[in-house]
Amino acid sequence: MEKDNNFTRRQALQGLMGVSAAAMLPNLGMAEQGSIDIASPWPAAVPAPNRLQAFDGDWRFIRGEVAGADSAEFDDSQWRRLDVPHDWSIEDLPEGTSGRTAAIWAETAGPLRTGPFDMYASEGQSATGWSVGGTGWYRKRFVRPQVAPGGKAQLHFDGVYMNCDVWMNGAHLGNHPYGYTEFAFDITPHLRDGENTVAVRVNNNGRNSRWYSGSGIFRKVWLNVAGALRIPTHGVYVTTPEASTDAAPVNIAVTVENGASAAANPTVRARLLDASGAVAGETQQQISVPAGASATAMCMVRLNTPRLWSPADPYLYRTEVVIESEGRVADAATLLTGVRALDIDAERGLRINGASIKLHGGCAHHANGPLGSVSIPRADERRVELLKASGFNAIRTSHNPPSSAFLEACDRLGMLVIDEAFDCWEVGKNPQDYHLYFKDWWQRDLSSMILRDRNHPSVILWSIGNEIPERATPEGVQLGQEMAAYVYHLDSTRKVTAAINGPYGRLGQTWKDMQPAFTYLGVGGYNYQWEQYEKDHASFPERVMVGTESFPEQADQNWQVIDSSSWVIGDFVWTAIDYLGESGIGHSTIQKGPAQNGFNAPFPWFNSYCGDIDLIGNKKPQSYFRDVVWRRSKVEMAVQRPVPTGWSEQISRWGWSDELRSWTWPGQEGFLMTVRVYTRGDSVRLMLNGKEIGAKQLSASDALRTEFTVPYAPGELKAVAYQSGQEIGTITFTTIGKAHSLLLAPDRKTIRASRDDLSYVMVSVVDENGHLVPDAVIPVSFLVSGAGEIAAVGNANPRDMASFRQPHRETFHGQCLAIVRPTGEPGIIHLRAESQGLGNSTEEVHVS
């Protein structure tokens, strides 16, 4: 597939972030020789290449436009000092941002509080959670690194939102519009002896996102220094075209770049080590690399009786590559490798290593709750841990590439990934969104995503778009075909998908009119169209389908079809975890008269509130229902919050009833409570304080749920589920006492002395027996000392527009969260939480 004006296989790939065409497409006429057995020992001590030097610390920052800040001589001594990753949109707004919000806030949410929200200054409004973007500047000084003759030094950014310009010692290196793809600039020609200065301007102005994006250098930064003979960025490409427990050939394509003035004949050595450090297989190959050019070694290591990677057993080998020339190690690279076979077809569905698997999936935006969009590796890892613990085995990175750290966590923890590129193509969804840059940048941004992510065993599908407006037009189909072909040029080991939605807003069109969009996809993505699966299978029996988005309330109906259809490989609920922005699309509110459904909820809602997991990491009621749907639990129960007489509950399409796993409702004695029981059993008995309240039979039409009306009385509420007369499970709620004290529970009590690590400390209001008081709303203040700081605080309340940075927060459903971060030195972090009438509680986190 070629595009006449700017697309040939080689030209489009040359020069992207220092990665040669050879690194991406090693079969494009490169000099290659067959692998040979190792004839000499592996180097006893391979020096760590000066590849990725941490470049996150000691930046200077200012929020706003500043003239002359690109100059190396500019005085930034009064700017704020900080570390990146950093997101200024999650921070408290500076004074004077907008005076009118105070009056609105006083009317709608009580006293004015500090925080990042502003009804009038926010250009994205409810879509971005009333957050404020704008312009920000970053500057950093550093000593010139040692660069050998013919070598290269690059500044490597994993993500900057958005429209980023970079200067080195006053020289403009370039611009990168898209906020979610990595990029790098060659700084070698601009380095000076002694002190050097990099300046970064970030422009997040206008309406450019449908969700909270954050603002700034929100992912990690590296200084990448290499010698004349080097492996370029993403110059190692590992594939396992066949894999079984008997044997697996591992193909390792290694590109070598020669910046010297003379040709070189290096030896490329590659090996795989198992988790114990033992060598599982190795090989070597000599290649010829012309001066100023590159060549690729096509190596193959055969593993006998390999341990295969899968979601249930995410085993990782360590791939090591060494470039030897003239008796010395010129460069080296390492990466973790999952050996696995991936197969997808309509007849047998999705198979990992030959075993059928359904995708128990959830969509997830990139932000990390109270931290905003800041991509601290431990924060990304915790999100994956939370979802894995709640039964998810797959994540769709809606609607952009994730951080590198997120995919590394998915590899380690066994989480499958649909890696998604774009939310729009040439037709925009907001006036200043990516559609303004798409035509000039889509090839570079797709390359950036795929080259960075193709070595991750967790990635099983590439998604080229979400609900693209032109998806089924002739122009859109042609563009989709070009994009899919381009993806397969870069990585032929995975299929291409996209999330296709119905003809919403297109008068006279039906689902049939959307069918052209599937012609360029290897797997058809269906957004909210589970009712079309069987109809489309009858017309297109070879089509593989996946539910790329679905409503929480339709989980049972959806999974009935998925479980019985090999051609539907799974579903991704919208959404797996709460996120900032798309404010209140999962709302549940009460109002007088009949319920009316809406999309966003009004100010002060800032949180989507549609996730299975809430903003601070706790399971919500729909997640327990999903446990029943996914056969992880035999029976679950919840109690709806009382609705006053004459009022009704309004639940959005993405929402869930306001119900709690609680039988603690002080002041509601005698009020008729709605109790819901979820089970795959065929009958349920409900008992209150040992007496039967009622029994009900369930049929398929009940969608795994039944309801009881129970007059509230304190004590014990118990549900028993049966199947064919045999008890299969019970669940019990007991009335909890009054708030007595605070309980602090770190997710980890020992962490590393690294800015990349965190401890999440859950604060719970408990009664005198240590049980969570489930609906307590109590202010909590924090004090931290020692080897750490408070990175953020938060709760799960979608309307609590308080600061994420000040050391105090109210509890919601009895809990709030403090996130502590090491300063970088070993020691102990002491955290104290206190609340009037409840005393104080302390906890220690050890940093080593």
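Relevant structure appears above.
Criteria and cut-off values
- Residues numbered from 1 in each chain as written.
- Predicted model: local features only at pLDDT ≥ 70, side-chain atom pairs only at ≥ 80, totals over all residues.
- Heavy atoms only, no water.
- 1 Å grid on protein atoms, 1.4 Å probe; cavity = no way out; pocket = protein on both sides within 12 Å on 5 of 7 lines; lining within 4 Å.
- Points joined across faces, edges and corners; volume = space filled by probe spheres on them.
- Nonpolar A, V, L, I, M, F, W, Y, C, P; charged D, E, K, R; others polar.
- Helix = DSSP H or I, 4+ residues; strand = E, 2+ residues; numbered from the N terminus.
- Buried < 20%, exposed > 50% of the residue type's maximum accessible area, 1.4 Å probe, protein only.
- Contact = heavy atoms within 4.5 Å.
- Polar contact = N/O pair within 3.5 Å; in protein donor to acceptor, adjacent residues only side chain to side chain.
- Pairing = 2+ DSSP bridges.
- Axes fitted to C-alpha atoms, helices over the stretch in contact; angles between N-to-C directions.
- Parallel < 35°, antiparallel > 145°, perpendicular 65-115°, else oblique.
- Left-handed = near helix turned anticlockwise from the far one by under 90°.

Participant: Can you walk me through empty space enclosed by the protein in this structure?
Facilitator: Take a probe with the size of a water molecule and roll it over the atoms, and the empty space left behind shows itself. The full count for this structure, using the stated rule, is 8 cavities of 30 Å³ or more. Empty space within the largest cavity amounts to approximately 170 Å³. Lining the largest cavity are 17 residues, with Y178, N208, D423, D433 and Y434 sitting closest to its centre. Partitioning the lining of the largest cavity into residue classes produces 8 nonpolar, 5 polar and 4 charged. Empty space within the second largest cavity amounts to approximately 150 Å³. If you go around the second largest cavity, you meet 17 residues; those closest to its centre are T128, S131, G133, N204 and G206. Taken together, the residues that form the lining of the second largest cavity break down as 2 nonpolar, 14 polar and 1 charged.

Participant: Mind showing me how you'd approach the environment of D453 here?
Facilitator: Take D453: it is sitting in helix 5 (residues 438-453). Among the residues examined, D453 registers a relative accessible area of 0% and is labelled buried. Expressed as a C-alpha distance, the spacing of D453 and P401, which sit 52 residues apart in the sequence, is 9.0 Å. In contact with D453, other than residues within four places in its own chain, are L407, D419, V459, W462 and R494. Side chain to side chain, D453 and R452 meet in a polar contact 2.5 Å long.

Participant: What should I look at first to understand the sheet that holds strand 41 (residues 750-751) in this one?
Facilitator: The strand order across the open sheet formed by 5 strands is 41-48-47-43-45, and the pairing between neighbours is mixed. What marks the edges here is a single partner per strand, and that holds for strand 41 and strand 45 (808-810). Sheet analysis places strand 43 (residues 779-786) next to strand 45, joined by 3 bridges and oriented antiparallel. Bridging across to strand 45, S781 finds its partner in H808.

Participant: I keep staring at the pairing of strand 34 (residues 672-679) and nothing clicks. Help me out?
Facilitator: Across a regular strand the side chains alternate sides, sitting on one face of the sheet and then on the other. Counting buried residues in strand 34 gives 6 out of 8 residues, a clear majority hidden from the surface. For strand 31 (residues 635-640) and strand 34, the ladder comprises 5 bridges, and the chain directions are antiparallel. Counterpart to V639 in the pairing with strand 34 is V675. Pairing of strand 34 with strand 37 (residues 705-711), which is carried by 7 bridges, proceeds in the antiparallel orientation. Note on strand 37: the bridge partner recorded for R676 is E707.

Participant: Even after reading the chapter, I still don't get the packing of helix 5 against helix 6 (residues 474-490), so can you show me in this structure?
Facilitator: Packing of helix 5 against helix 6 brings their axes to within 10 Å, and their N-to-C directions diverge by 30°. With respect to helix 6, the axis of helix 5 lies roughly parallel. Of the two elements, helix 5 crosses helix 6, and the hand of that crossing is right-handed. Contacts between helix 5 and helix 6 involve F438, W442, Q443, L446, S447, I450 and L451 on the former and, on the latter, L479, E482, M483, Y486, V487 and L490. A class-by-class count of the residues in the contact of helix 5 with helix 6 yields 10 nonpolar, 2 polar and 1 charged.

Participant: Where do I start with the side chain of E91 in this structure?
Facilitator: In this structure, E91 sits in the loop between strand 3 (80-82) and helix 2 (100-108). With a relative accessible area of 11%, E91 lands in the buried category. There is a polar contact of 2.7 Å between the side chain of E91 and the side chain of R80.

Participant: How should I be thinking about the sheet that holds strand 21 (residues 355-356) in this particular structure?
Facilitator: Sheet strands associate in pairs through backbone hydrogen bonding, adopting either a parallel or an antiparallel arrangement. Pairing is antiparallel across the open sheet formed by 3 strands, whose spatial order is 19-20-21. Since the sheet does not close on itself, it has two edges, and those belong to strand 19 (342-345) and strand 21, each with one partner. Direction of pairing for strand 19 relative to strand 20 (residues 349-352): antiparallel, over a ladder of 4 bridges. By the bridge assignment for strand 20, D345 is matched with G349.

Participant: Any chance you could explain helix 9 (residues 621-629) here in plain terms?
Facilitator: An α-helix turns once every 3.6 residues. As a result, residues three or four positions apart point the same way. Most of helix 9 sits out of view: 9 of its 9 residues are buried. Listing the buried residues of helix 9 in full gives P621, Q622, S623, Y624, F625, R626, D627, V628 and V629. Packed against the buried residues of helix 9 are helix 8 (555-563), strand 29 (568-573), strand 31, strand 33 (659-660), strand 34 and strand 37. Positive backbone phi, approximately 65°, marks R631, located one or two places after helix 9.

Participant: What am I meant to see in the packing of helix 8 against helix 9 here?
Facilitator: The relative placement of two packed helices comes down to the angle between their axes together with the axis-to-axis distance. Closest axis-to-axis distance for the helix 8/helix 9 pair is 10 Å, and the angle between their directions is 25°. Classified by the interaxial angle, the pair formed by helix 8 and helix 9 is roughly parallel. Handedness of the helix 8/helix 9 crossing: right-handed. Where helix 8 abuts helix 9, its residues A555, D556 and W559 lie against F625, R626 and V629. Its residues assigned to classes, the contact of helix 8 with helix 9 comprises 4 nonpolar, no polar and 2 charged.

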